[in-house]
Amino acid sequence: MILKKLSLINFRNYQKISISFNNTVNIFIGNNAQGKTNILESIYVLALTKSHRNVNDVHLIKYNGEYTKIEGKIKKNNLIDTLEIKITKTEKKVFKNKNNVKRISDYISNLNVILFTPDDLEIIKGSPSIRRNLLNIEISQISNQYITILNEYNKLLKNRNEYLKLLYVNHFSDKKYLDIITDQLIEKAIYIYKKRKNFIDDINKNISNIYRFITGIDGLYIRYINNCDIDIFDENKIREQMLKKYKNNYKKEILNGMTLYGPHRDDFEFLIGDENLKLFGSQGQQRLSIICFKLSEIDIFKEKNNTSPILLFDDIFSEIDKIKKNKLIKLINKDIQTIITATDLRGMSKNLIEKSSIFKVASGKIERR
Ligand SMILES: Nc1ncnc2c1ncn2[C@@H]1O[C@H](COP(=O)(O)OP(=O)(O)O)[C@@H](O)[C@H]1O
Ligand SMILES: [Mg+2]
């Protein structure tokens, strides 16, 4: 898919702008704090209805503004859709072709993006919740149902935790209701496990090839970790396994007042051979493996959604040495729309610059170069 045009009103430091993109590479250059990341953020919000920066929606509204509006024209299979998101201080609404879309889960997947940011290093260095969050975001872009089921799971989880606390206060009486919620929780968990496992298996089809192409090193893969000892695709076996876990740890869960097993505790790790990159990888290795993880998603999007996603690179080219950068550019140059931010064009090849649209960003104003 292609983002043809983006219009912003009162978004961060932009009052009112419209940008027309080219179908291949678009580069935004400018000094720090001028609004480069804000552009990518607005596209991300248009796709996923939330910022990648982990902030409240109201922060997206320009200081002193009443609301913000992001509009994008998206071309997919020769059709153009208009997506729009409007955020006021009290509510958020999304529209597709001027029609209000009531459920976020029906909206996401209209615009597919893969974002690369300097903060991505946290995907390896940070806590498991960061990795689960990444899985959730990426899978929601290829499956509307995933968001729905994940929300249902989280509601059940909350109920179950509350009930576990209650059982503690009541000295473990009446376990019947707990069994009912547990059964319901397991059904949602099975779905989530399968989706995540599938996704990681798909990543593993590509990631080592991409990493080898860029670094010459073999054997990068992702290992999916769950705390219910599940490594099978058979629903009945997963159910059996989970029931066993809950049964064996019933007292422990009540003492803790929370559900200790299930996909809300999932994790994954980056390995080269037996080596865990979190423990042994250099920062450069870690950064590149995360980039390769995300590049591996391109094929997944193509297969599941029948269209290529839009790649958003926020200031990450500066961190990569020239040879690897050129290889990376070769990889992304295959008719995928790419939007890059950088402080300047240094280190970018002549060939790349020639075929790119270049925009200059300075304090909330954008000029085509
Ligand atoms: N809600 C907001 N209203 C107005 N300006 C904002 C808002 N949020 C952030 N900014 C401004 O945006 C600028 C940072 O933009 P950013 O895109 O992160 O810069 P960079 O070009 O370094 O990527 C800062 O000058 C900041 O003050
Ligand atoms: Mg920035």
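The rules we used
Residues numbered from 1 in each chain as written. Chains lettered and ligands numbered in written order. Predicted model: local features only at pLDDT ≥ 70, side-chain atom pairs only at ≥ 80, totals over all residues. Heavy atoms only, no water. Axes fitted to C-alpha atoms, helices over the stretch in contact; angles between N-to-C directions. Helix = DSSP H or I, 4+ residues; strand = E, 2+ residues; numbered from the N terminus. Parallel < 35°, antiparallel > 145°, perpendicular 65-115°, else oblique. Contact = heavy atoms within 4.5 Å. Nonpolar A, V, L, I, M, F, W, Y, C, P; charged D, E, K, R; others polar. Near = heavy atom within 4 Å. Polar contact = N/O pair within 3.5 Å; in protein donor to acceptor, adjacent residues only side chain to side chain. Areas by Shrake-Rupley, 256 points an atom, 1.4 Å probe, with all protein chains shown as cover. 1 Å grid on protein atoms, 1.4 Å probe; cavity = no way out; pocket = protein on both sides within 12 Å on 5 of 7 lines; lining within 4 Å. Points joined across faces, edges and corners; volume = space filled by probe spheres on them. Buried < 20%, exposed > 50% of the residue type's maximum accessible area, 1.4 Å probe, protein only. Left-handed = near helix turned anticlockwise from the far one by under 90°.

Interhelical geometry of helix 4 (residues 128–142) versus helix 5 (residues 144–169) gives an angle of 135 degrees and a closest axis separation of 5 Å. The orientation of helix 4 with respect to helix 5, classified from their angle, is oblique. Here Asn136, Ile139, Ser140 and Ile142 of helix 4 come into contact with helix 5, specifically with Asn144, Tyr146, Ile147 and Leu150. When the residues that make up the contact of helix 4 with helix 5 are grouped by side-chain class, the tally is 5 nonpolar, 3 polar and no charged.

As a matter of local geometry, ligand 1 sits amid 15 residues, with Ala33, Thr37, Asn38, Arg53 and Ile61 nearest to it. Between ligand 1 and Arg53 there is a distance of 2.7 Å, counted from an oxygen atom to a side-chain nitrogen or oxygen. The contact in question runs from a nitrogen atom of ligand 1 to an N or O atom on the backbone of Tyr63, over 2.9 Å. The fraction of the free accessible surface of ligand 1 (580 Å²) that becomes covered by protein chains is 78%. By residue class, the composition of the shell around ligand 1 is 3 nonpolar, 8 polar and 4 charged.

On to empty space enclosed by the protein, then. Applying the stated rule across the entire model yields 2 cavities of 30 Å³ or more. Taken as a whole, the largest cavity holds about 70 Å³ of empty space. Surrounding the largest cavity, Tyr193, Lys194, Lys197, Tyr224, Asn226, Ile230, Asp231, Ile232, Phe233 and Ile238 form its lining. Here the element with the most residues in the lining of the largest cavity is helix 6 (residues 176–215); it accounts for 3 residues. Here the second largest cavity is characterised by a volume of approximately 40 Å³. Lining the second largest cavity are Thr117, Asp120, Leu121, Arg287, Ile290, Ile291 and Ile316. In terms of residue class, the lining of the second largest cavity is built from 4 nonpolar, 1 polar and 2 charged.

To continue, consider the side chain of Gln141. Within the secondary structure, Gln141 is located in helix 4. Given the relative accessible area of 0%, Gln141 is considered buried. At 2.9 Å, the side chain of Gln141 and the backbone oxygen of Val113 are in polar contact.

What follows is about the packing of helix 5 against helix 6. Orientation of helix 5 relative to helix 6, taken along the N-to-C sense of each, is 145 degrees, at an axis distance of 9 Å. Taken as a pair, helix 5 and helix 6 cross one another with a handedness that is left-handed. Taken together, the residues of the contact of helix 5 with helix 6 break down into 16 nonpolar, 4 polar and 5 charged.

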